[in-house]
Each structure stands twice: as C-alpha cells, then as structure tokens.
Amino acid sequence: MKRLFDLILGLFVLVVTAPIMLVIALRIYQQDGAPIFYVAERMKTPDQPFNLIKFRTMSNVSADLNTGVTGGDKADRITPIGRTLRRYRLDELPQVLNVLRGDMSFVGPRPPLRQYTDAFPDLYRQVLMSRPGITGLATLHFHRHEERLIASAKTPEETEAIYTTRCVPRKATLDLIYNKHASVCFDIAILWQTLRAVLKR
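No experiment lies behind these values; they were computed from the predicted model shown. (Residues numbered from 1 in each chain as written. Predicted model: local features only at pLDDT ≥ 70, side-chain atom pairs only at ≥ 80, totals over all residues. Heavy atoms only, no water.)

Enquirer: Explain the pairing of strand β1 (residues 37-45) here, please?
Expert: Each regular strand displays side chains that alternate between the two surfaces of the sheet. Summarising the sheet, β1 and strand β2 (residues 48-55) pair through 8 bridges and their orientation is antiparallel. Bridge pairing in β2 places threonine 45 opposite glutamine 48. Counting the residues in the hairpin turn of β1 and β2 gives 2 residues. (Pairing = 2+ DSSP bridges. Helix = DSSP H or I, 4+ residues; strand = E, 2+ residues; numbered from the N terminus.)

Enquirer: I keep staring at the side chain of threonine 117 and nothing clicks. Help me out?
Expert: As for its position among the elements, threonine 117 is in helix α4 (residues 114-119). Exposure remark for threonine 117: the relative accessible area of 2% places this residue in the buried category. At 2.9 Å, the side chain of threonine 117 forms a polar contact with the backbone oxygen of arginine 114. Leave out the neighbours within four places in its chain, and threonine 117 touches Met43, Pro46, Pro112, Tyr124 and Leu128. (Buried < 20%, exposed > 50% of the residue type's maximum accessible area, 1.4 Å probe, protein only. Polar contact = N/O pair within 3.5 Å; in protein donor to acceptor, adjacent residues only side chain to side chain. Contact = heavy atoms within 4.5 Å.)

Enquirer: Could you clarify how one ought to interpret the environment of threonine 84 in this entry?
Expert: Of note, threonine 84 is situated in helix α2 (residues 80-87). Separated by 27 residues in sequence, threonine 84 and threonine 57 have C-alpha atoms that sit 9.0 Å apart.

Enquirer: How should I be thinking about the pattern of salt bridges in this particular structure?
Expert: Side-chain pairs of opposite charge can arise whenever the charged atoms involved come near each other. In total, this model carries 8 salt bridges according to the counting rule given. The salt bridge involving aspartate 187 is made with lysine 2; its shortest N-O contact spans 2.4 Å. Within this pair, whereas aspartate 187 is found in helix α8 (residues 184-200), its partner lysine 2 is found in helix α1 (residues 2-32), the two being separated by 185 residues in sequence. Under the relative-accessibility criterion, lysine 2 is labelled partly exposed at 26%. For the salt bridge of glutamate 92 with arginine 110, the shortest nitrogen-to-oxygen distance reads 3.9 Å. Separated by 18 residues along the polypeptide, glutamate 92 in the loop between α2 and α3 (95-101) and arginine 110 in the loop between β3 (105-107) and α4 bring together distant segments of the chain. The exposure class of glutamate 92 is buried, given its relative accessible area of 10%. Residues joined in a network through salt bridges with shared partners are Arg89, Glu92 and Arg110. (Salt bridge = Lys/Arg side-chain N within 4 Å of Asp/Glu carboxyl O.)

Enquirer: Before we go on, may I ask you to explain the nonpolar core in this structure?
Expert: For soluble globular proteins, nonpolar side chains are generally found buried alongside one another. Residues Ile24, Ile28, Phe55, Leu85, Met104 and Phe106 are the most contacted members of the largest nonpolar core, which totals 20 residues. At the level of elements, α1, β2, α2, α3 and β3 are the ones that each hand at least two residues to this core. The dominant element in this core, judged by the number of residues it contributes, is α1, at 5 residues. The next biggest cluster of nonpolar side chains, apart from the first, holds 17 residues, and it includes Val69, Tyr124, Ile162 and Ala172. (Core = buried A, V, L, I, M, F, W, Y, C linked by side-chain atoms within 4.5 Å.)

Enquirer: Would you mind going over the packing of aromatic side chains with me for this structure?
Expert: One pair of aromatic rings is described through two measures. These are the centre distance and the angle between the planes. One pass over the structure, following the stated rule, counts 3 aromatic pairs. Centroid distance phenylalanine 37 to phenylalanine 55: 5.3 Å. Interplanar angle 20°. Geometry classified as stacked. A residue pair is termed long-range when its members are at least 10 positions apart, and phenylalanine 37 in strand β1 and phenylalanine 55 in strand β2 qualify at 18 residues. Take phenylalanine 37: its relative accessible area is 41%, and that puts it in the partly exposed class. (Phe/Tyr/Trp six-rings, centres within 6.5 Å; stacked < 30°, edge-to-face > 60°.)

Enquirer: Even after reading the chapter, I still don't get unusual backbone geometry, so can you show me in this structure?
Expert: Most peptide bonds take the trans configuration, and most residues that are not glycine carry a negative phi. Backbone torsion omega between alanine 34 and proline 35 reads -5°, so that peptide bond is classified as cis. Here proline 35 is to be found in the loop between α1 and β1. One non-glycine residue, arginine 89, lies in positive phi territory at about 60°. By secondary structure assignment, the location of arginine 89 is in the loop between α2 and α3.

Enquirer: What am I meant to see in α8 here?
Expert: Since the α-helix advances by 3.6 residues per turn, residues separated by three or four positions end up pointing in the same direction. Over its 17 residues, α8 extends 24 Å from the first C-alpha to the last, a length consistent with the 24 Å expected when each residue adds 1.5 Å. Among the residues of α8, those classed as buried are Asp187, Ile190, Thr194 and Val198. The arc enclosing the buried residues of α8, seen along the axis, measures out at 70°, which places them on a common side. Summarising the geometry of α8, the exposed residues directed more than 90 degrees from the buried face are Cys185, Trp192, Leu199 and Lys200. If you follow the buried residues of α8, they end up packed against α1, β3, β4 (133-135), α6 (137-151) and α7 (156-181). (Expected span 1.5 Å × (residues − 1). Arc of directions from axis to C-beta.)

Structure below.
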C-alpha cells in the first residue's frame, strides 16, 4: 500500500510541479550556469547506495568540497537562488524522480551519506528498515533545529562534531518512532504537516 501510495502521489506531484521545476531550472542556468542538478550518493540501506537528485544550490560542486553535511563552513558557497530554494525546500522537488524509481518514499528517514552509515552501522541498520524519504518525523520536528546547530560551525571538523554528536542520535530516535508506527495514514499526516510548515515560511 505504501509503495502504491508513493507511485500515485509521485505521478501527481510530477505533473503538477513540472512547470515549477522548469522555471527553477531556467533560473539556475541563467544566474549560475550549469550544472542545474546536484546528483550525490546517498544510502538506501547500509549497503545499498543510490543517486539522489536535487537542484544545485551551491556555487562549487567539486567532490572534495562536498563531504559531510552543509554547515556554517559552507554557507558562503550557497547561491542567492539556492538560499530561496532551501528555505522553501524547492531544491528537493526533483527527488520525486527518486520516489518513482523506488529509491525513496515520500515519507521516511532522510537518506544518509555513506560516511555516516559506515560510522554508525548498527544505528542505521535499524533506521533504514524504512525506505528513505523526502520528509519524515525527524525532518518535520528536528530539521530547523539541526540547521541552527550546524549553522554556527566555522570549520568542517566543527560541523562534523556537531552533526554526529547532537544531530544523528536525536534524528535516529525520531526515525525509529516512525518505523514503529509507519502506515499510509501516518504518512499522510506527516506530509500535511510538512506542507503546512513550508507554507508558513
């Protein structure tokens, strides 16, 4: 039922947001040039990676600068249009393609980088029992707090320390609560609350 729900909703969202995504793609190209999309490895399970698709929001996408999460140390690389896309989570619209391909669900734990599944294998083995999602319980209730925590970081090392000690455990706690109560009805409730939170911004 969850996969059928994702497919039906995914096709609907793709049709409705296609014009919006086209406008965003043109604006990114006009202001910052190519590439329009940022494709990066994320983990579907602790052992199974996939390519996550987002609109590019940063000025430099070289591999050596894109390790770890985006904290205050990378703030100066976020483009003007990228800040707007991130604020309203519009950079994540292309992930509907990941949903349709079966890499992700609309609701679930955010897909982690390989470095974190390698660092916390037992934890992510439990968290990723649910298919990763565009939004989820942890995203809904901790995402903005996480942004504030890592925004204060001045170096990659500081960002990493804050994320691994203060963010990963708390997000995992919420993700495990979701795993225990996962259902289509719960997904609809989380999606509705996510939409309301984005619109309030």
